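Structural overview
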Amino acid sequence: MCGDVKRLPRETKELYEIASSILGYDLLDLCANGPIEKLNQTVYCQPAVFISSLAAIDRLRDKNPESIDNCVCTAGFSVGEFTALVFSGVLSLEDGVRIVKARAEAMQLQSEMVQGGMATVLYGADSKLSKLLSCFMLFPFARTRDVCFQRFLLCTLFKTVLIFRLCPESGP
């Protein structure tokens, strides 16, 4: 998930260290070296996605700082909601890790108690399914990868959505 750990910036390594101290295992080592069977378990996968998403935001901040300055809104899907809350300053990193840890443990336990599954359905904007689902979705545009919406650009970063103002001087 995180590539060559030797090349990670100090701030990114600190994210993983803070998370590891709360989780009770070396998250960076698990992300870098696996085993994949362990990383695929919900109890490990959710914290990995959460911290790796924050690390991706840090990388964006390093590579293109003005993109963060132009971010006017953030949202997330599933565990990405917690990434969005930490990024926006609503939750501290430590509280976010604690919540994601508790959530992942509960979901892991549930998955072991009741056999189930999950599926992703891909569909086009012109499909009958899209029209049906738009009745139930507050932000039907959020299911796409990169979308221009009025004066904003919506980008998905793992399961976190960042919305960037395209014309910062023109107001909301």
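Take the packing of helix H1 (residues 10-23) against helix H7 (residues 93-113) next. Between two packed helices, both the angle of their axes relative to each other and the distance between the axes serve to describe the pair. At a closest axis distance of 10 Å, the pairing of H1 and H7 adopts a crossing angle of 50°. With respect to H7, the element H1 is oriented oblique. The chirality of how H1 crosses H7 is right-handed. Contact residues: H1 offers Leu15, Ile18, Ala19, Ile22 and Leu23, while H7 offers Leu93, Glu94, Val97, Arg98 and Lys101.

Both the distance between ring centres and the angle between the ring planes are used here to describe each pair of aromatic rings. Applying the stated criterion across every chain yields a total of 1 aromatic pair. Ring centres of tyrosine 25 and tyrosine 44 lie 5.0 Å apart, and the angle between their planes is 75°; on these two criteria the pair is classed as edge-to-face. Here the residue tyrosine 25 occupies a position in the loop between H1 and helix H2 (27-33), and tyrosine 44 occupies one in helix H4 (residues 42-63), the gap between them amounting to 19 residues. Judged on exposure class, the residue tyrosine 25 and its partner tyrosine 44 are both buried.

Applying the stated rule across the entire model yields 0 disulfides. With no disulfide of its own, cysteine 45 has cysteine 31 as its nearest cysteine by sulfur position, at a separation of 8.9 Å. Taking relative accessible area as the criterion, cysteine 45 reaches 27% and is therefore assigned partly exposed. Left unpaired, cysteine 73 is separated from the closest cysteine sulfur, that of cysteine 71, by 7.3 Å.

Moving on to the pattern of salt bridges. Across all of its chains, the model carries 5 salt bridges by this definition. Aspartate 58 is the salt-bridge partner of arginine 61, the closest N and O atoms lying 2.6 Å from each other. One end of the pair is arginine 61 and the other is aspartate 58, both in helix H4 and 3 residues apart, which spans about a single turn. On the basis of relative accessible area, arginine 61 is assigned to the partly exposed category, the value being 34%. Glutamate 105 is the partner of lysine 101 in a salt bridge, and the nearest nitrogen-oxygen pair spans 2.9 Å. Taken as a pair, lysine 101 and glutamate 105 lie in helix H7 at a separation of 4 residues, close to a single helical turn. Under the relative-accessibility criterion, lysine 101 is labelled partly exposed at 23%.

If you check H1, its first and last C-alpha atoms are 20 Å apart, about what 14 residues at 1.5 Å a residue would give, namely 20 Å. Looking at H1, one finds that the buried residues are Thr12, Leu15, Tyr16, Ala19, Ser20 and Leu23. All buried residues of H1 fall inside an arc of 130° around its axis, so they share one side. Residues Arg10, Glu17 and Ser21 are exposed on H1 and point more than 90 degrees away from its buried face. Each element contacted by the buried residues of H1 is listed here: H2, H4 and H7.

Each value, and the rule that gives it
- Residues numbered from 1 in each chain as written.
- Predicted model: local features only at pLDDT ≥ 70, side-chain atom pairs only at ≥ 80, totals over all residues.
- Heavy atoms only, no water.
- Axes fitted to C-alpha atoms, helices over the stretch in contact; angles between N-to-C directions.
- Helix = DSSP H or I, 4+ residues; strand = E, 2+ residues; numbered from the N terminus.
- Parallel < 35°, antiparallel > 145°, perpendicular 65-115°, else oblique.
- Left-handed = near helix turned anticlockwise from the far one by under 90°.
- Contact = heavy atoms within 4.5 Å.
- Phe/Tyr/Trp six-rings, centres within 6.5 Å; stacked < 30°, edge-to-face > 60°.
- Buried < 20%, exposed > 50% of the residue type's maximum accessible area, 1.4 Å probe, protein only.
- Disulfide = S-S within 2.5 Å.
- Salt bridge = Lys/Arg side-chain N within 4 Å of Asp/Glu carboxyl O.
- Expected span 1.5 Å × (residues − 1).
- Arc of directions from axis to C-beta.

What is shown is where atoms sit, not what they do.
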